[in-house]
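# Tertiary structure, described
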Amino acid sequence: MLSFPLSSNVLLLLLRLLLACWSISIDCPHSRATMATTATPNPSASDVTITYLTQYLRRHPERADAFMHRATELLAASQLEQALADCNAVVMRDPVDPRARVRRSQVLEKIVVDRLEASAESMTDSIAAVVEEMRRRSLDDLTVALLRAPDEPSIRLARAVVSERRGNASMALEDLNVALRVEANDIDALCLRALVLEQLGELTAALHDYNTAISQAPDRINLRNGRALLLAQLGRHREAIADLDLAWTLEPCFPIAYNRAMAYLRLNEFDAAIAAFSEALQLVSTEATNQRDQLPTAGNRAAELYAARGRANFNAARYRDAIGDFDQAIAINQHFAEAYHNRAIAYQALHEYTTAMRDYDTAVSLNPTSGRAYCNRAHAKLRRRAMAVRLQREQPTSTTATVEPHAHHALEDEATERRQCYQDLTRAVELLSDTTAKNPQLDWAFYYLGRAQRLLGRYEQAIATQNRAIALDAAYARAFAERGWAHLSAGHPRQAHDDFAKAVRLLPSRTYLDRSIDRCTNCDVRRV
């Protein structure tokens, strides 16, 4: 590890002596009276150290180690601009001083973190450009530091952190491999390498690193949380819940609560998921009460939790409860596109198409690159038209319809509506094809792409696409149901029957799937 030269020890001894003299002087009545008018009451040890280092550097401006020591104290006190100036002063004297380069990199990263936190609600292109430039400078500093200490694991780890944050997983992995060859049991390096390997799609190797790190530090909740997220990707949700349950007992916090609830949701255990989301909401409410300055963050978290609990209620076929949760999320964040989109789906399930269409339109206006919003808006229009046609046939004798009273208005301009549906579905296919190409691990993107293809009449494409979604998640009930509809539309009733039956086993709350099975049974399956 890096250390100060011997001369810095002399400096530290001098500082201790000066501190001792200062503590003696304040016992003098005269000194106490003087300080009452000239100094801050009860200065911290860091403030005192900075003060005496400043005085020392006025007399000895050539002492690089004193600048480095003051930069360290300034960084700890979050006086970042002054810390950066001290690091710059040392770099000007010795451009390849590894201590100065590493410390300046740390200061730059702290400035980045502060700016990201300050602009979390309104990130602009100019702020993003400044952040990227600072991280580039931070990476350059660490690269120069490695010229004198190429095998120093702490510098390698620091550069890996910056590379990962800049999205360069391959470069981060190279540095982490070097660091772990020197210190094989460095838990922080193992944890970061697991994350990087996960980003590169090497899930088995990532899991090995998490296992190694947890064997050394079983009570580190970040390790438990990271491994749980990886296990969830591998479909091992029970093991993920076991990690999250242990992490929750160690330290109840928002990420653990949220991921734990999501694991139950992926297992289709909706009551457990709803209870876990409610528990997380209570935690967020408590955090907001205890930390008033964190209310914007708490609000965002609460909105996410209400929206997620809404999905659980929707999957449990509790559509009114789901709408209530989405209402809460939107009340907190009126620009929450996903909440509008999911509320629209809930209204659609209740055949309240006019209200659903308003929410779909809002979702698309807030997020015009959401392929699934375009897909579902088109689907809602088609369902509304089909319902209107059925009502027109049944009127005036029907008294059992549970749709909105003016659904027949959907028949007014069939050509316009069909053209709008085609445009929405074409746009959905374009956006979702791009999404799946960039991230082939997103099962939901394949699901919605397959749905859009089916609604466009591309049944064989839709079946192949749903195969991709099911390969990523073998318990994806909606993907089985959607593939069943594609098979049925393509004239494959036997395969459709099998898919619907699988979907019912995975998601028994969806009673309409039973009716889908009946449709398959009534088909002439001898042709298949």
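The rules behind each value
Residues numbered from 1 in each chain as written. Predicted model: local features only at pLDDT ≥ 70, side-chain atom pairs only at ≥ 80, totals over all residues. Heavy atoms only, no water. Helix = DSSP H or I, 4+ residues; strand = E, 2+ residues; numbered from the N terminus. Buried < 20%, exposed > 50% of the residue type's maximum accessible area, 1.4 Å probe, protein only. Contact = heavy atoms within 4.5 Å. Axes fitted to C-alpha atoms, helices over the stretch in contact; angles between N-to-C directions. Parallel < 35°, antiparallel > 145°, perpendicular 65-115°, else oblique. Left-handed = near helix turned anticlockwise from the far one by under 90°. Nonpolar A, V, L, I, M, F, W, Y, C, P; charged D, E, K, R; others polar. Expected span 1.5 Å × (residues − 1). Polar contact = N/O pair within 3.5 Å; in protein donor to acceptor, adjacent residues only side chain to side chain. Core = buried A, V, L, I, M, F, W, Y, C linked by side-chain atoms within 4.5 Å.

## As for the overall build of the protein chain
Secondary structure summary: the protein chain contains 26 helices and 0 strands in total. Relative to its 528 residues, the protein chain shows a buried fraction of 47%. If you take every contact in the protein chain between residues at least 6 apart in sequence, the share linking residues at least 24 apart comes to 56%.

## Considerations on the packing of helix α4 (residues 64-76) against helix α6 (residues 98-118)
Axis angle and axis distance: for two packed helices, these are the angle between their axes and the distance between the axes, and together they describe the pair. Two elements in contact, α4 and α6, have axes separated by 11 Å at closest approach and are oriented at 20°. As judged from the angle between their axes, α4 and α6 are roughly parallel. Here α4 runs over α6; the crossing is left-handed. The residues of α6 that touch α4, namely those facing Ala-64, Asp-65, Met-68, Ala-71, Thr-72 and Leu-75, are Arg-99, Ala-100, Arg-103, Gln-106, Val-107 and Lys-110. Along the lines of polarity and charge, the residues of the contact of α4 with α6 split into 6 nonpolar, 2 polar and 4 charged.

## Let's talk about helix α10 (residues 187-199)
With 13 residues, α10 ought to run about 18 Å at 1.5 Å a step, and its terminal C-alpha atoms sit 19 Å apart, in line with that. Taking burial as the measure, the 13 residues of α10 include 10 buried ones, the bulk of the element. Among all positions of α10, only Ile-187, Ala-189, Leu-190, Cys-191, Leu-192, Arg-193, Ala-194, Val-196, Leu-197 and Glu-198 are buried. Close packing links the buried residues of α10 with α8 (153-165), α9 (169-182), α11 (203-216) and α12 (221-233). The opening residue of α10, the one whose side-chain oxygen lies 3.1 Å from the backbone nitrogen of Asp-188, is Asp-186.

## Some details on the nonpolar core
In terms of nonpolar packing, the biggest core is built from 105 residues, with Leu-176, Val-196, Leu-223, Leu-265, Phe-277, Leu-305 and Tyr-360 touching the most fellow members. Sequence-distant contacts of Leu-305, defined by excluding residues within four places in its chain, comprise Phe-254, Tyr-258, Phe-277, Ala-280, Leu-281 and Val-284. Among the nonpolar cores identified, the runner-up in size contains 14 residues, and Ile-50, Leu-84, Ile-111 and Val-112 belong to it.

## A word on the side chain of Gln-466
Among the structural elements, Gln-466 can be located in helix α23 (residues 459-472). The exposure class of Gln-466 is buried, given its relative accessible area of 0%. Dropping the residues within four chain positions of it, Gln-466 is found in contact with Phe-446, Tyr-447, Gly-450, Arg-451, Ala-479, Glu-482 and Arg-483.

## Examining the environment of Ile-323
Its place among the elements puts Ile-323 in helix α17 (residues 319-332). Since its relative accessible area comes to 5%, Ile-323 is described here as buried. For the pair Ile-323 and Ala-344, spaced 21 residues apart in the sequence, the C-alpha separation amounts to 8.7 Å. For Ile-323, the contacting residues outside a window of four places in its chain are Arg-343, Ala-346, Tyr-347 and Leu-350.

## Notes on unusual backbone geometry
A negative phi angle is the norm for most residues apart from glycine, just as the trans form is the norm for most peptide bonds. A positive phi angle, near 60°, is found at Asn-268, a position not held by glycine. As for its position among the elements, Asn-268 is in the loop between α14 (254-266) and α15 (270-290). In this structure Asn-268 comes out as partly exposed when scored by relative accessible area, which is 21%. At Ala-317, a position not held by glycine, the phi torsion is positive, near 65°. Within the secondary structure, Ala-317 sits in the loop between α16 (295-315) and α17. Taking relative accessible area as the criterion, Ala-317 reaches 29% and is therefore assigned partly exposed.

## Remarks on the environment of Ser-285
If you trace the backbone, Ser-285 turns up in helix α15. Residue classification places Ser-285 among the partly exposed positions, given a relative accessible area of 37%. Once the C-alpha coordinates of Ser-285 and Arg-301 are considered, the two residues, 16 residues apart in sequence, prove to be 9.7 Å apart.

## Remarks on the packing of helix α5 (residues 80-93) against α6
At a closest axis distance of 9 Å, the pairing of α5 and α6 adopts a crossing angle of 155°. The pairing of α5 with α6 is recorded here as roughly antiparallel in orientation. The handedness of the crossing between α5 and α6 comes out as left-handed. Seen from α5, the contacting residues are Leu-80, Glu-81, Ala-83, Leu-84, Cys-87, Asn-88, Val-90 and Val-91; seen from α6, they are Ala-100, Arg-101, Arg-103, Arg-104, Val-107, Leu-108, Lys-110, Ile-111 and Asp-114. Residues belonging to the contact of α5 with α6 are distributed by class as follows: 10 nonpolar, 1 polar and 6 charged.

## As for helix α21 (residues 414-438)
For α21, built from 25 residues, the straight-helix expectation of 36 Å at 1.5 Å per residue is met to within 8% by its first-to-last C-alpha distance of 36 Å. Buried within α21 we find Glu-417, Cys-421, Asp-424, Leu-425, Ala-428, Val-429, Leu-431, Leu-432 and Thr-436.

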